[in-house]
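One-letter residues, chain by chain:
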Amino acid sequence: MMATTHALAGLLLVIPLAVVAPEFAVAAAIGAIAGGVFPDVDMPGAHRRTLHFPVYYSLAAALAGVVALLAPTSVTVAAALFLAAAALHSLSDAL
């Protein structure tokens, strides 16, 4: 996939949040877009060997999601969506 596709796939994760808690939609969208693109930052180096961690991103996203549910702020929500989008990116590349 291309980076734009990964960014848009990450952005799809924001749709349920935007319906339930629209006050966090902008922060979540920024986090999701950044997370969708982040694993490709290693393109000049050893691509898919340094920043593509589907298991670690998924675990970190689950933990960040719990934190965002318990203490919802723009930062915690953006961090959870960043990690979820990075996990989605890595998982889709693995598949």
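Residues numbered from 1 in each chain as written. Predicted model: local features only at pLDDT ≥ 70, side-chain atom pairs only at ≥ 80, totals over all residues. Heavy atoms only, no water.

K.L.:
How should I be thinking about the overall build of the protein in this particular structure?
P.N.:
Within the protein, the regular secondary structure consists of five helices and zero strands. In sequence order, the secondary structure elements of the protein are arranged as α-α-α-α-α. Each of the 95 residues in the protein was classed as buried or not, and the buried ones make up 37%. Sequence-distant contacts in the protein: of pairs separated by 6 or more residues, those separated by 24 or more amount to 61%. Summing over all exposed atoms, the protein offers an accessible surface of approximately 5,500 Å²; the carbon and sulfur share of this is 80%. (Helix = DSSP H or I, 4+ residues; strand = E, 2+ residues; numbered from the N terminus. Buried < 20%, exposed > 50% of the residue type's maximum accessible area, 1.4 Å probe, protein only. Contact = heavy atoms within 4.5 Å. Areas by Shrake-Rupley, 256 points an atom, 1.4 Å probe, with all protein chains shown as cover.)

K.L.:
Would you explain the nonpolar core in this entry?
P.N.:
When a protein is soluble and globular, its nonpolar side chains tend to lie buried together. Among the nonpolar cores identified, the biggest contains 16 residues, and Val14, Ala28, Ala32, Tyr57, Val77, Leu81 and Leu83 are the most heavily contacted of them. The leading source of residues in this core is helix α5 (residues 74-94), at seven residues. The residues touching Ala28, leaving out its near neighbours within four places in the chain, are Val14, Leu17, Val77, Ala78 and Leu81. (Core = buried A, V, L, I, M, F, W, Y, C linked by side-chain atoms within 4.5 Å.)

K.L.:
In this structure, what is going on with the packing of aromatic side chains? I would like to understand it.
P.N.:
The geometry of an aromatic ring pair is captured by two quantities: the separation of the ring centres and the angle between the planes. Counting across every chain of the model gives one aromatic pair. Here Phe38 and Phe82 contribute two aromatic rings whose centre-to-centre distance is 5.4 Å and whose plane-to-plane angle is 55°, an arrangement assigned as tilted. Here the residue Phe38 occupies a position in the loop between α3 (25-37) and α4 (54-70), and Phe82 occupies one in helix α5, the gap between them amounting to 44 residues. Using a relative accessible area of 23% as the deciding quantity, one classes Phe82 as partly exposed. (Phe/Tyr/Trp six-rings, centres within 6.5 Å; stacked < 30°, edge-to-face > 60°.)

K.L.:
Which parts of the structure should I look at to understand a nonpolar patch on the surface?
P.N.:
Taken together, Leu12, Ile15, Val19 and Val20 make up a surface patch of nonpolar side chains, about 450 Å² in accessible area. Counting residues per element, the nonpolar patch draws most heavily on helix α2 (residues 14-20), at three residues. Counting through the fold element by element, Val19 comes out in helix α2. Assessed through its relative accessible area of 67%, Val19 is described here as exposed. (Patch = residues over 30% accessible without salt bridge, like charges linked within 9 Å, V, L, I, M, F, W, Y side chains within 5 Å. Salt bridge = Lys/Arg side-chain N within 4 Å of Asp/Glu carboxyl O.)

K.L.:
Quick question: what am I supposed to make of the packing of helix α1 (residues 3-12) against α5 here?
P.N.:
Two numbers describe how α1 lies on α5: the axes approach to 9 Å, and their chain directions differ by 125°. In terms of their interaxial angle, α1 and α5 are classed as oblique. Of the two elements, α1 crosses α5, and the hand of that crossing is right-handed. Only Ala85, Leu88, His89, Ser92 and Asp93 of α5 make contact with α1, whose side of the interface consists of His6, Ala9 and Gly10. Partitioning the contact of α1 with α5 into residue classes produces three nonpolar, four polar and one charged. (Axes fitted to C-alpha atoms, helices over the stretch in contact; angles between N-to-C directions. Parallel < 35°, antiparallel > 145°, perpendicular 65-115°, else oblique. Left-handed = near helix turned anticlockwise from the far one by under 90°. Nonpolar A, V, L, I, M, F, W, Y, C, P; charged D, E, K, R; others polar.)

In short, shape yes, function no, at least from these values alone.
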